[in-house]
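The lines below spell out each chain.
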Amino acid sequence: MNNNIKAELKKIVTPDRFRDDPETLASYSYDGFNVRATPEIVLFPVTTDEISQTMKIANHEKIPVTVRGAGTNLSGGSVPHQKGIVLCLTKMNKILEIKTRDRYAIVQPGVVNGDLQQALAKDNFFFPPDPSSFTVSTIGGNIAENAGGPRCLKYGVTVDYVMGLEVVLASGKIIRLGSRNVKDVTGYRPSGIFCGSEGTLGIITEATVRVAPIPETKQTAMITFADLDHSAQTVADVIGSGILPAAAELMDNAVINVVEDAMQLGLPRDAEGIILVDVDGVEEAVEKELNKIVEIARANHATDIQIARTKEESDALWTARRAVYGIQNRLSPDIIVEDATVPVSRIPEMIRGCKKIAARHDIKFCIVGHAGDGNLHPTISTDIRNKEEMKRVEAACIEIFKLAHELGGCLTGEHGVGLAKAPYLSLVMSPDTMEFLSTIKASLDPNNILNPGKFA
Amino acid sequence: MNKMDAKEAYDCGRCGLCLLTCPVYQNKIEESFSPRAKVQLSKYYAENNLPGSPHLKDIMSQCLMCGTCTANCPSGVGHEPLFMRMRASMAEDFGEKWIMKVLYHFLTHDEQLKLAAKFAKFGRNVVLEKLLKDFRVGTIPVKQMPNMNAQPFRDQMPEINEPQGSCKGIVLYFAGCATNYAYEDVGKAVVQVLTRMGYRVEIPGDQVCCGLPMFIHGAMEKARNNILKNISILNREDVEAVIVDCATCGSALRNEYSHVLRELGLDTQDAQSLALKVQDVSEFLYDRIELLVPLLKSDNNIEKVTYHNPCHLRNAQGVKNKVEALLTRIPGVDFVPAIDADSCCGGGGTFFYDHPEVSKKIVDKKIFNAKKTGASLWATGCPGCQVNLSGNLEETDQIRVIHPMQIVSKALAD
């Protein structure tokens, strides 16, 4: 990038929010995935106009632009793979409007999910998408990655909560789609195009999101099994019975032990599987559903069923669940978390299959996941410096993807394609389908400057 | 080519959950200032993929060393030893500020420190007050800096203070620099309460500065003699506990001595056995609450008290909820928790001096929330936090920062 361009960009965002020192560049070279790339400059715009002006220059000069929030994603979506500009939106962090009577909130993209939750909680409302990173990740990032989390089982993922967007296109043009209305079919649904586009189609500069009232009551149950298969079957049976828990998470023995090592919560170390179930709603319904879940668990040979007595107990279990990704890092220098997803009735088959694959390739493997919606995290402990082992890891991953596909599942349930899954799209998509994605991309970003190297 | 070891950095999975817990990141909202970035930058530096620079040194200095990231890190990254090593390496490459050199010199030469304190007393109590009253040290107006003791606390007190009544045990009292040179009232309260509870309180005369202000900035080699000397004096089998009234000294004696000695390639066995004996004075009292309660007067004047939990107590020593529980047991104390009692005050040793802009924002938020409780007393067992919190209060603020031991000693029956 030549100095004239740098000078122009510096003028747009002011010198205060322009960085090209090696330390800042290195700080924006990574996210939660294990590939790095160093940008040439990092900008912290604070207005839509600054972003628009920046894009006009980038588009004219064909400079790659990677948009980023907190950089917590696990697929390399925010890694500036082809260098160029990182647009970091963390300073666009104002909540512009909350109107719970009309059930919406309008936010800038850098608002942290957890901060929005806190602001909404004052009115007894919440924003349902809850990625495990919600205490730090931004709404802009959540939308771009179409993030999901434990309670998306009942409430749906981010795309289900996006009502309106302001987007800066690659050309620098600013468009507004959608509105404050739950029902709005005026034109293409903005969420359908931009939600999950991973920064490849446009830059979200403002979002109108749907919010929901906090349910009257919530109960958390922890159910223990001596056989992982029984725990998987329980989840499938609970969902199959017509009950819709807020969340149903599964951990295998390896995960239970590493969590217990780190957090000493008193989890049963000898259990082969535990499931953590949240049921929410009106008190009577919660009670009834919980009883039914207990019944199903007993029929599936549960060895122990504990109901969290206090909010603190329940919070401790969920804090542990959210920290699993970080905790697993204690096991080995690197971990690879897959998020292949299958229809919930196929979960027992999927888990059995994954275990066989791991054994065949002799890799260290454990399983945790949002079992209730079929979104599993087969997790591989490895050391990416060990080339021989990495070959086996990659072979195992491909088999896991293929298995998921055979069972009617998908490659990635919530982490996104990014750098992680881009090479494998053809396993699950026909050439015509992939061409369709490319056509959309080319029409919106003909110079391929928005987050190039990622899926489309 | 540097040969720094960044082994802790390989435990980091870059999940980013530390962004929430870091007071500096929360103010800057720029990745470079997050614990995650400091870990990654240290790794790149150690791998010789990122050269050292004054800017890198500055980034590494923009850390309160509060340990909140470590306490909440799911991957168990050891930030502190890594950052200390990094700071040491940066200081080696790009020099240390003259003021730090002066500080290190005095902290390693106890006799000169005493002399300096005398001058400082004259300087602080006479010169500063008269001539420099409108000046600031970092964020703190000079007139709000603590007064110096007329005589060092340890010179005022006998080395052995006998208990009242039958002797329940012996404790050693490590009265750090703050108590020794500025907060004599805290020291007196500690001795009074412990002797009333039946403990023989020994204050070893030849104890020296704990060394933390040095090694926290990377000057580990300079701190070596202080550490070894304190261990040799305090590591005694016949005592029930080594009592510390300062969260920072406590974290040094209890936590950091082993880390630093290991970094220096020295044996850590004695440091580890000392660590088992070290207790913060409030924690020691709470664990023996049944000895304390009968000594307290029932008609103590009622005051609203809130609490600031020092990072060096909460994160470094793992003392949680005990001081709050102790305060609620004191007659007359109407305890009202502040919503952010557990977050860093922004003082961070010399952070308030080095980075006043960030520090001020952090401390102002703390003050806002403490005042919201309506308390008239703000208890905290860390002189660093005390200087920072009280130094940043407005003259019109109706809240006063105080050591928990002063609240307890005031509640003792005659």
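Residues numbered from 1 in each chain as written. Chains lettered and ligands numbered in written order. Predicted model: local features only at pLDDT ≥ 70, side-chain atom pairs only at ≥ 80, totals over all residues.

**Focus on the overall build of chain A**
Thought 1: Scanning chain A for helices and strands turns up 17 helices and 18 strands.
Thought 2: Its C-alpha atoms give chain A principal-axis dimensions of roughly 70 × 60 × 45 Å.
Thought 3: The buried share among the 456 residues of chain A stands at 53%. (Helix = DSSP H or I, 4+ residues; strand = E, 2+ residues; numbered from the N terminus. Buried ≥ 20, exposed ≤ 12 C-beta atoms within 10 Å, placed from the backbone.)

**Focus on the overall build of chain B**
Thought 1: Scanning chain B from N- to C-terminus turns up 23 helices and 11 strands.
Thought 2: Its C-alpha atoms give chain B a radius of gyration of 21 Å, near enough to 22 Å, the size a compact globule of 414 residues would have.
Thought 3: Taken along the three principal axes of its C-alpha coordinates, chain B extends 65 × 45 × 45 Å.
Thought 4: Residue burial in chain B is summarised as follows: out of 414 residues, 51% are buried.
Thought 5: In chain B, 78% of the contacts between residues at least 6 apart in sequence involve partners at least 24 apart. (Rg over C-alpha atoms; globule rule 2.2 N^0.38 Å. Contact = placed C-beta atoms within 7 Å.)

**Some details on the sheet that holds strand S1 (residues 18-19) of chain A**
Residue and element names in this part refer to chain A.
Thought 1: Strand order in the open sheet made by the 4 strands is S1-S2-S4-S3, with mixed pairing throughout. Taken across any chain shown, the strands that pair with only one partner, and hence form the sheet edges, are S1 and strand S3 (65-68).
Thought 2: By the bridge criterion, 3 bridges tie strand S2 (residues 41-43) to strand S4 (residues 85-88) in an arrangement that is parallel. Looking at the pairing, Leu-43 lines up with Leu-87 of S4.
Thought 3: Docked against the sheet, helix H1 (residues 3-13) engages S1 and S2, running at close to 15 degrees with respect to S2.
Thought 4: With respect to the sheet, helix H3 (residues 48-61) is in contact with S2, S3 and S4, its orientation differing from that of S4 by roughly 170 degrees. (Pairing = 2+ DSSP bridges. Axes fitted to C-alpha atoms, helices over the stretch in contact; angles between N-to-C directions.)

**Quick look at helix H14 (residues 247-263) of chain B**
All names here are of chain B.
Thought 1: With 17 residues, H14 should reach 24 Å at 1.5 Å per residue; the first-to-last C-alpha distance of 23 Å fits that figure.
Thought 2: Along H14, the sharpest change in direction is near 60 degrees and occurs at Glu-256.
Thought 3: For H14, the buried fraction is high: 13 of the 17 residues fall into the buried class.
Thought 4: Count one or two residues on from H14 and you reach Gly-265, which has phi positive near 75 degrees. (Expected span 1.5 Å × (residues − 1). Bend = angle between axes of the 7 residues up to and from the residue.)

**A few points about the environment of B:Val186**
Residue and element names in this part refer to chain B.
Thought 1: Relative to the assigned elements, Val-186 resides in helix H11 (residues 184-196).
Thought 2: On a C-alpha basis, the gap between Val-186 and Gly-381 in space is 9.5 Å, while along the polypeptide they are 195 residues apart.
Thought 3: Residues contacting Val-186, with those up to four places away along its chain left out, are Thr-179, Asp-245, His-403, Met-405 and Gln-406.

**Digging into the packing of helix H8 (residues 228-240) of chain A against helix H13 (residues 347-360) of chain A**
Residue and element names in this part refer to chain A.
Thought 1: Relative orientation of the contacting elements H8 and H13 amounts to 150 degrees, with a least axis distance of 8 Å. As judged from the angle between their axes, H8 and H13 are roughly antiparallel. The hand of the H8/H13 crossing is right-handed. Residue-level inspection shows Leu-228, Asp-229, Ala-232, Gln-233, Val-235 and Ala-236 of H8 in contact with H13, the latter providing Ile-347, Pro-348, Ile-351 and Arg-352.
Thought 2: Class assignment of the residues belonging to the contact of H8 with H13 gives a composition of 7 nonpolar, 1 polar and 2 charged. (Parallel < 35°, antiparallel > 145°, perpendicular 65-115°, else oblique. Left-handed = near helix turned anticlockwise from the far one by under 90°. Nonpolar A, V, L, I, M, F, W, Y, C, P; charged D, E, K, R; others polar.)

**Let's talk about the interface of chain B and chain A**
Thought 1: If you look at the interface, chain B gives 24 residues, while chain A gives 28 residues.
Thought 2: Contributing elements (two or more residues each) for the side of chain B that touches chain A: helix H1 (18-21), helix H3 (35-46) and helix H4 (54-61) of chain B.
Thought 3: Ranked by residue count, the leading element in the side of chain B that touches chain A is H3(B), at 4 residues.
Thought 4: Split into classes, the residues belonging to the side of chain B that touches chain A amount to 14 nonpolar, 7 polar and 3 charged.

**As for the nonpolar core**
Thought 1: Formed by 253 residues in total, the largest nonpolar core has its most connected members in A:Val209, A:Val235 and B:Ile243.
Thought 2: Residues in contact with A:Val235, not counting those within four places in the same chain, are A:Ala248, A:Leu250, A:Ile275, A:Val344, A:Ile347, A:Ala371 and A:Gly372. (Core = buried A, V, L, I, M, F, W, Y, C linked by C-beta atoms within 7 Å.)

**What to know about the domain arrangement of chain B**
All names here are of chain B.
Thought 1: For chain B, the assigned domains read domain 1 (7-94) and domain 2 (296-410).
Thought 2: Computed from C-alpha coordinates alone, the two centres of domain 1 and domain 2 are separated by 27 Å.
Thought 3: With 13 residues of domain 1 at the contact, the number on the domain 2 side is 14 residues.
Thought 4: If you list the elements that add at least two residues to the side of domain 1 that touches domain 2, you get helix H2 (23-28) and helix H5 (68-72).
Thought 5: Looking at which element gives the most residues to the side of domain 1 that touches domain 2, the answer is H2, with 4 residues.
Thought 6: Tallied by class, residues from the side of domain 1 that touches domain 2 come to 6 nonpolar, 6 polar and 1 charged. (Domains from an automatic or database assignment.)

**Some remarks on unusual backbone geometry**
All names here are of chain A.
Thought 1: One non-glycine residue, Asp-362, lies in positive phi territory at about 55 degrees.
Thought 2: Positive phi, normally seen in glycine, also occurs at Asn-451, with a value near 45 degrees.
Thought 3: Inspection of the secondary structure puts Asn-451 in the segment after helix H17 (431-444).

**Observations concerning helix H13 (residues 220-234) of chain B**
Because each turn of an α-helix spans 3.6 residues, side chains separated by three or four positions end up pointing in the same direction.
Thought 1: Here H13(B) spans 20 Å end to end across 15 residues, near enough to the 21 Å set by a 1.5 Å rise per residue.
Thought 2: All of the buried residues in H13(B) are B:Met220, B:Ala223, B:Asn226, B:Ile227, B:Asn230, B:Ile231 and B:Leu234.

**Let's talk about the domain arrangement of chain A**
All names here are of chain A.
Thought 1: Partitioning chain A into domains gives domain 1 (1-214), domain 2 (216-329) and domain 3 (331-447).
Thought 2: Here the C-alpha centre of domain 2 lies 33 Å away from the C-alpha centre of domain 1.
Thought 3: At the junction of the two partners, domain 1 supplies 5 residues and domain 2 supplies 9 residues.
Thought 4: Across the side of domain 1 that touches domain 2, the residue classes tally to 2 nonpolar, 1 polar and 2 charged.

**Side note on the sheet that holds strand S13 (residues 247-252) of chain A**
All names here are of chain A.
Thought 1: With respect to topology, 7 strands assemble into an open sheet ordered S15-S12-S14-S13-S17-S18-S16, the strand pairing being antiparallel. For this open sheet the edge positions go to strand S15 (302-307) and strand S16 (334-337), each flanked by a neighbour on one side alone. Going from strand to strand, the sheet's axes swing by 20 degrees on average, the running direction of each strand aside.
Thought 2: Pairing of strand S12 (residues 217-225) with S15, which is carried by 5 bridges, proceeds in the antiparallel orientation. When the sheet's bridge partners are listed, Ala-221 is paired in S15 with Ile-307.
Thought 3: Most of the contacts of helix H9 (residues 253-263) go to S13, to which it runs at about 90 degrees, and overall it touches S13, strand S14 (273-281) and strand S17 (364-370).

**Some thoughts on the environment of A:Ala371**
Residue and element names in this part refer to chain A.
Thought 1: With respect to the helices and strands, Ala-371 occurs in the loop between S17 and strand S18 (375-382).
Thought 2: A tally of 32 C-beta atoms within 10 Å means that Ala-371 is categorised as buried.
Thought 3: Taking the C-alpha atoms as reference points, Ala-371 and Ile-275, 96 residues apart in sequence, are found 8.5 Å from one another.
Thought 4: Excluding residues that lie within four positions of it along the chain, Ala-371 makes contacts with Ala-232, Val-235, Ala-248, Glu-249, Leu-250, Ile-275, Ile-347 and Leu-376.

**A closer look at the confidence of the model for chain B**
Thought 1: With 96% of its residues at a pLDDT of at least 70, chain B reaches an overall mean of 91.
Thought 2: Model confidence for the complex is summarised by a pTM of 0.91, with the ipTM given as 0.94. (pLDDT = per-residue confidence, 0-100.)

**Looking at the pairing of strand S10 (residues 203-210) of chain A**
Residues and elements named next belong to chain A.
Thought 1: Here S10 lies mainly inside the structure; 7 of its 8 residues are buried.
Thought 2: Relative to S10, strand S6 (residues 104-107) is paired through 4 bridges, and the arrangement is antiparallel. Looking at S10, one finds that Ile-106 is bridged to Thr-208.
Thought 3: Bridging between strand S8 (residues 162-168) and S10 involves 6 bridges; their strand directions are antiparallel. Bridge assignment links Leu-165 to a residue of S10, and that residue is Ala-207.

**Focus on the pairing of strand S4 (residues 169-174) of chain B**
All names here are of chain B.
Thought 1: Where S4 and strand S5 (residues 199-202) come together, 4 bridges link them in parallel fashion. When the sheet's bridge partners are listed, Gly-169 is paired in S5 with Tyr-199.
Thought 2: Relative to strand S6 (residues 241-244), S4 runs parallel, the two being bridged by 4 bridges. Paired with Phe-174 across the strands is Val-244, a residue of S6.

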